[in-house]
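Letter by letter, the chains look like this.
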Amino acid sequence: MSLCRILPVCRFAILILTLTTFAAHGETWTSISSSTTEKLQAVTMATNKVGLAVGSRGTLLKTTNGGLLWKQERFNGSFTHTFNAVCMPDTESVAMAVGENGQAMYQFHSMATWSAFTPVADTLYGVCSRVDTILTFVSVGTNGFIGQYQWHVSTWQVGGGGQKGDPPAHDTSVLVTETRVLSVHTSASLRAVAFSPEQKGYIVGDSGIVLTSTNKGTTWERQSVGGNVSLRALSVLSSDKI
């Protein structure tokens, strides 16, 4: 199961001022330079080596050695908005980061740079991929926004190898379609989204709101919970443990 579905919250607090790693089941913590002075908002680890961290003013860092070294990723054009969340299901598909003013960036694993698209006008606070398909992402944001993004990846041969015996060259295109889910009637800001291994979806947000989905995020139902506390983070271990 992808770590981005269960660990962004666990490491959120670690990233506010400095990136850290832990050993011995969390008994030892070591500070690591993040290579930036910007505020960091979220982190996701696709494997025990490869991960992403995001933050203010377009900060999008990548590690390929388990968090020991972080480097700023490259964009197609300039990007200065704050990223609030990031998801990287694995190292072989699409990664997605979302933030202010509905801005979002994506990168297919074979691409050298990240590309931007603006799916909505709302500020987006959370994003994750579905368990059943790592090419479908769900994001949440202000005014009760829930967006579902289906990625279509096409790869084709563009020519033979340059030298005898070389594999043929290929090119890749990535297309995303966005669907706004209107089944939840709330003006509250939704802050985090995650899916359990059993494909049950959870969303939390302001005013103590908790939403669940049993149909892979197509529709969401509000749950009755006590209190009016703003819920900002979410970690899902199973369909009945969050």
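The structure this text deals with has already been given above.
Residues numbered from 1 in each chain as written. Predicted model: local features only at pLDDT ≥ 70, side-chain atom pairs only at ≥ 80, totals over all residues. Heavy atoms only, no water.

### Topic: the side chain of threonine 82
What counts is decided by this rule: Helix and strand definitions follow DSSP, with helices as H or I runs of at least four residues and strands as E runs of at least two, each counted in order from the N terminus. Working rule for contacts: check all heavy atoms of both residues, and any pair within 4.5 Å makes them a contact.
Within the secondary structure layout, threonine 82 lies in the loop between β6 (71–72) and β7 (83–87). The residues touching threonine 82, leaving out its near neighbours within four places in the chain, are Gln41, Gly55, Ser56, Arg57, Gly99 and Glu100.

### Things to note about the sheet that holds strand β3 (residues 40–45)
Pairing between sheet strands relies on hydrogen bonds along the backbone, with the strands arranged either parallel or antiparallel. The following threshold applies: At least two DSSP bridges between two strands are required for those strands to pair.
Strand order across the open sheet formed by four strands is β3-β4-β5-β6, with antiparallel pairing between neighbours. Each having just a single partner strand, β3 and β6 make up the two edges of the open sheet. Strand direction decides the pairing type here: strand β4 (residues 51–55) and strand β5 (residues 60–63), joined by four bridges, are antiparallel. Looking at β5, one finds that glycine 51 is bridged to threonine 63.

### A look at the nonpolar core
Just so we agree on the cut-off: Put simply, buried Ala, Val, Leu, Ile, Met, Phe, Trp, Tyr and Cys residues joined by side-chain atoms within 4.5 Å make one nonpolar core. Categorising residues by exposure relies on relative accessible area from a 1.4 Å probe, with only protein chains included: less than 20% of the type maximum marks a residue as buried, more than 50% marks it as exposed, and the intermediate range marks it as partly exposed.
In this structure, Met96, Val98, Val127, Phe137, Tyr149 and Trp151 are the most contacted members of the largest nonpolar core, which totals 16 residues. Elements with a contribution of two residues or more to this core: β7, β8 (94–99), β9 (104–108), β11 (124–129) and β13 (146–159). The residues contacting valine 127, other than those within four sequence positions of it, are Ala85, Val86, Cys87, Met96, Val98, Phe137, Val138, Ser139 and Val193. Among the nonpolar cores identified, the runner-up in size contains 15 residues, and Leu60, Met88, Ala95 and Met105 belong to it.

### Description of unusual backbone geometry
Not every positive phi belongs to a glycine, and serine 35 is a case in point at roughly 65°. Take serine 35: it is sitting in the loop between β2 (28–32) and β3. Backbone geometry at arginine 57 places phi at a positive 50°, although glycine is not the residue there.

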